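# Survey of secondary and tertiary structure
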Amino acid sequence: MNNSYDNYPSIFNLPNEILFIIIKKLNIADVIYSLVDVNERFVQLVFDPLYIQNLNITLMTIKSFYHRTFSVSEQVLSNICENILPNIHDQVKKLTIEQHSIKRILTHNYPQLYSLSLVNFKEEILYQHLRDHSALRNLLTHQITHLNIDIQSDEIPKLLSKTSSYILIIILFRCQRLIKLNFCQVFSYRNSFIPIYKLPKTSCTYSSLIELKINVATFNDCLCLLNRHFDSLSKLTINVKKVGYELEKKTTSFIRQFDEYIIPLLHRMINLEELILFLTVIRTDSTFIDGTELYDQVLVHMSQLNKFVFSINTSVFIENNEMDVPLSEDIQNSFIGRGYGQVGSYVHFEPRKPKNRVIDFEEAKAIVKCHIYSLPYQFESFLHLNNSFQGGMFVNVQYLAMTDSFPFECEFFKIISDCFPFVKTLTISNLEPQKKKQHSSTLISFPHLNLLNLIDAHDDYAEQFLVDANTHLPCLLDLCIEYESLEIVTNNYTNDATRLYCSKLKGLHIDEPYVRRKHFDEYFPLLLYMSKFNQRFFFE
């Protein structure tokens, strides 16, 4: 190999400190494969103990938003297994692998390994490995203290099978040294849930587990999980798909959830040191959840709590005209003097309208919504954003859901794009046409947006986002839209104004089966995946 520096003056003239910073930002599998034979200096940098102790032998390739691969090429994997791992296996402390490489990677011994991430596994394959792979079983039993589990899903959201439930039980029984467990919260786009409430009860105590992240299907699953004797648990991040013992559509099934389910559950967690609460609560002719109620119902019962992060949406359905609607200032003032730190809030009023799908029962005359959240905002999701939103900077948000019975104008989208600069998924639920069709001279930009969901939106919003002269969407991969709206905004796949973004789409999800019309294929030349859109896909 020609090692002449003349061919690479910009690389080889950099000091080691700068090169090491650059290498740390690259995928380690690619770095090892590409740079290890360049020269002795690069070998020393690549094999630096601080670098190779965190070994990630996966490479995410995004085919569409919900279809991703994690395998490295066979050539790269063979080189790593045959030439690299024999020299570094005893220095690796953190390891990330996927299902196609696990057997070859775990042929080596890793005496310092304490953190293991199993990524993009099918349920059945992971279950089989946990039962039959002796090297994996030995690691889990005697070494692993930090474990991350990511399970494949062919639909979003995905209610996983009972196999995943058994995987969880095996892990809890086998991992005797486990301190931190992330089960299906590794990637936020997955949104997979496991059912566990029918599993056999046990008297075992999982005394070592301190931190748990998990998605469960129902509130029963949540209670079942917490009844499994996590005596040392100090941090719990649990995403419950449905709160309630019965999945009823009646309004009364929602009213008492917070008071009868959530509050008693929180009262049991007297030793929690950190609480992260992300809730949507529905009430009828009642009050909003504000700083006073949170303090009286939650904080005073948790004497060990030193960190409280929350985002709570309350929707109050008004059935009579006697309820006093509080002002935003009243909500904000309820947090003063109670040790919350900085808090954001806003209140929004929506009258009943014939097309308002949000107000879905006859007795309601209107709905009043209140959103309270701790700042700086730490969640990846921001739900139920409406025209009363007060602004701010939300750099952690990747999933944004906007809903209102009043139209979203283009000026409002400019505010949203500035407030949520890194949003990747945007859902718009608004059936009202825009009143101000004159678009701003300033181009609205969502530079990181991968998925746009317009399945419950007026045609105007398709025009707002799919016309490249209105909105800049350089990374758009997937579109969810009603079939009729798609044909209108594209003028039966002949509209040049929407051609740019449609020509780059990899995934298209629509609301009904359809036959491809003339010009469809040339209008979507890169399309890899098409599916019938299930409205529960996003709105449950």
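Residues numbered from 1 in each chain as written. Predicted model: local features only at pLDDT ≥ 70, side-chain atom pairs only at ≥ 80, totals over all residues. Heavy atoms only, no water.

This part covers the overall build of the protein. Broken down by element type, the protein carries 21 helices and 24 strands. For the protein, the residues scored as buried account for 50% of the 540 residues in total. In the protein, the share of contacts with a sequence separation of at least 24, taken over all contacts with a separation of at least 6, comes to 70%. Put simply, the protein shows about 25500 Å² of open surface, and 50% of that area lies on carbon and sulfur atoms. (Helix = DSSP H or I, 4+ residues; strand = E, 2+ residues; numbered from the N terminus. Buried < 20%, exposed > 50% of the residue type's maximum accessible area, 1.4 Å probe, protein only. Contact = heavy atoms within 4.5 Å. Areas by Shrake-Rupley, 256 points an atom, 1.4 Å probe, with all protein chains shown as cover.)

What follows covers the nonpolar core. Counting 98 residues, the largest nonpolar core has L95, L147, I171, L181, F183, L294 and F310 as the members making the most contacts within it. Ignoring anything within four residues of it in the chain, the contact list for F310 reads L277, L294, F335, Y340, V343, I372, Y373, S374 and F379. If you look at the next biggest cluster of nonpolar residues, it comprises 49 residues, including L385, F389, I416 and L449. (Core = buried A, V, L, I, M, F, W, Y, C linked by side-chain atoms within 4.5 Å.)

The next subject is helix α2 (residues 16-24). Regarding α2, the residues found buried are L19, F20 and I23. The buried side chains of α2 occupy one side of the element, clustering within an arc of 100° when seen end-on. (Arc of directions from axis to C-beta.)

Attention now goes to the side chain of S64. Along the chain, the position of S64 falls in strand β2 (residues 61-64). For S64, a relative accessible area of 0% puts it in the buried group. Here the side chain of S64 touches H67 through a polar contact of 3.0 Å, side chain to side chain. When near neighbours in sequence (up to four residues on either side) are disregarded, S64 contacts L477, D478, K506, G507 and Y529. (Polar contact = N/O pair within 3.5 Å; in protein donor to acceptor, adjacent residues only side chain to side chain.)

With omega at -5°, the peptide bond leading from L375 into P376 counts as cis. Tracing the backbone through its elements, the reader meets P376 in the loop between β15 (366-374) and β16 (381-385). The backbone phi angle of N492 is positive, close to 55°, even though this residue is not glycine. With respect to the helices, strands and loops of the structure, N492 is situated in the loop between α18 (483-489) and α19 (499-504). A positive phi angle, near 80°, is found at H519, a position not held by glycine.

Once that is clear, we can look at the environment of P49. Within the secondary structure, P49 sits in helix α5 (residues 49-52). Overall, the relative accessible area of 46% leaves P49 in the partly exposed class. Separated by 42 residues in sequence, P49 and Q91 have C-alpha atoms that sit 6.8 Å apart.

The subject of this paragraph is the pattern of salt bridges. Applying the stated criterion across every chain yields a total of seven salt bridges. Salt-bridge contacts for K414 lead to D418; the nearest nitrogen and oxygen are separated by 2.9 Å. Within this pair, K414 and its partner D418 are both found in helix α16 (residues 410-419), separated by four residues, close to a single helical turn. Note that E487 and R517 form a salt bridge whose closest N and O atoms lie 2.3 Å from each other. On the criterion of sequence distance, the pair formed by E487 in helix α18 and R517 in the loop between β23 (507-510) and α20 (520-523) is long-range, its members being 30 residues apart. Taking relative accessible area as the criterion, E487 reaches 12% and is therefore assigned buried. (Salt bridge = Lys/Arg side-chain N within 4 Å of Asp/Glu carboxyl O.)

Moving on to the confidence of the model for the protein. On average, residues of the protein score 82 in pLDDT, and 83% of them reach the 70 mark or higher. Contacts for the low-pLDDT stretch residues 535-540, under 50 throughout, to residues beyond four places or in other chains number 21 contacts. (pLDDT = per-residue confidence, 0-100.)

Let us look at the packing of helix α8 (residues 123-132) against helix α9 (residues 134-142). Axis separation between α8 and α9 bottoms out at 6 Å; the angle between their running directions is 80°. Considering the angle they form, α8 stands roughly perpendicular to α9. Only S134, L136, R137 and L140 of α9 make contact with α8, whose side of the interface consists of H129, L130, R131 and D132. Residues of the contact of α8 with α9, tallied by class, amount to three nonpolar, two polar and three charged. (Axes fitted to C-alpha atoms, helices over the stretch in contact; angles between N-to-C directions. Parallel < 35°, antiparallel > 145°, perpendicular 65-115°, else oblique. Nonpolar A, V, L, I, M, F, W, Y, C, P; charged D, E, K, R; others polar.)

So, about helix α10 (residues 162-174). If you check α10, its first and last C-alpha atoms are 18 Å apart, about what 13 residues at 1.5 Å a residue would give, namely 18 Å. Those residues of α10 that sit buried are S164, S165, I167, L168, I169, I170, I171 and L172. Packing partners of the buried residues in α10 comprise α8, β6 (146-151), β8 (180-183), β10 (211-218) and α11 (219-226). (Expected span 1.5 Å × (residues − 1).)

The residue H133 is located in the loop between α8 and α9 in this model. For H133, a relative accessible area of 13% puts it in the buried group. Looking at H133, its side chain comes within polar contact range of the main-chain nitrogen of L136, at 3.2 Å. Those residues within four positions of H133 in sequence are excluded, and the remaining contacts are I102, K103, L106 and Q128.

Another point: the packing of aromatic side chains. In this structure the tally under the stated criterion is 31 aromatic pairs. A centroid spacing of 5.7 Å and a plane angle of 80° characterise the contact between Y373 and Y377, whose relative ring orientation is edge-to-face. Seen in terms of ring centroids, Y373 and F382 are 5.7 Å apart; in terms of plane orientation they differ by 65°. Their pairing is edge-to-face. Per residue, the accessibility class of Y373 equals that of F382, and both read buried. (Phe/Tyr/Trp six-rings, centres within 6.5 Å; stacked < 30°, edge-to-face > 60°.)

For the rest of this paragraph, the subject is the environment of G344. In this fold, G344 is placed in strand β14 (residues 343-351). Spatially, the C-alpha atoms of G344 and L375 are 6.6 Å apart, while their sequence positions differ by 31 residues. If we skip the residues at most four places from it in the chain, G344 touches Q332, H371, I372, Y373 and L375.

Most of strand β20 (residues 451-457) sits inside the fold, with seven of its seven residues counted as buried. Pairing geometry for strand β18 (residues 425-430) and β20, over five bridges, is parallel. What sits directly across from S429, in β20, is D456. The sheet contact formed by β20 and strand β22 (residues 478-481) spans four bridges and is parallel. Residue pairing for β22: L451 is matched across the bridge by D478. (Pairing = 2+ DSSP bridges.)

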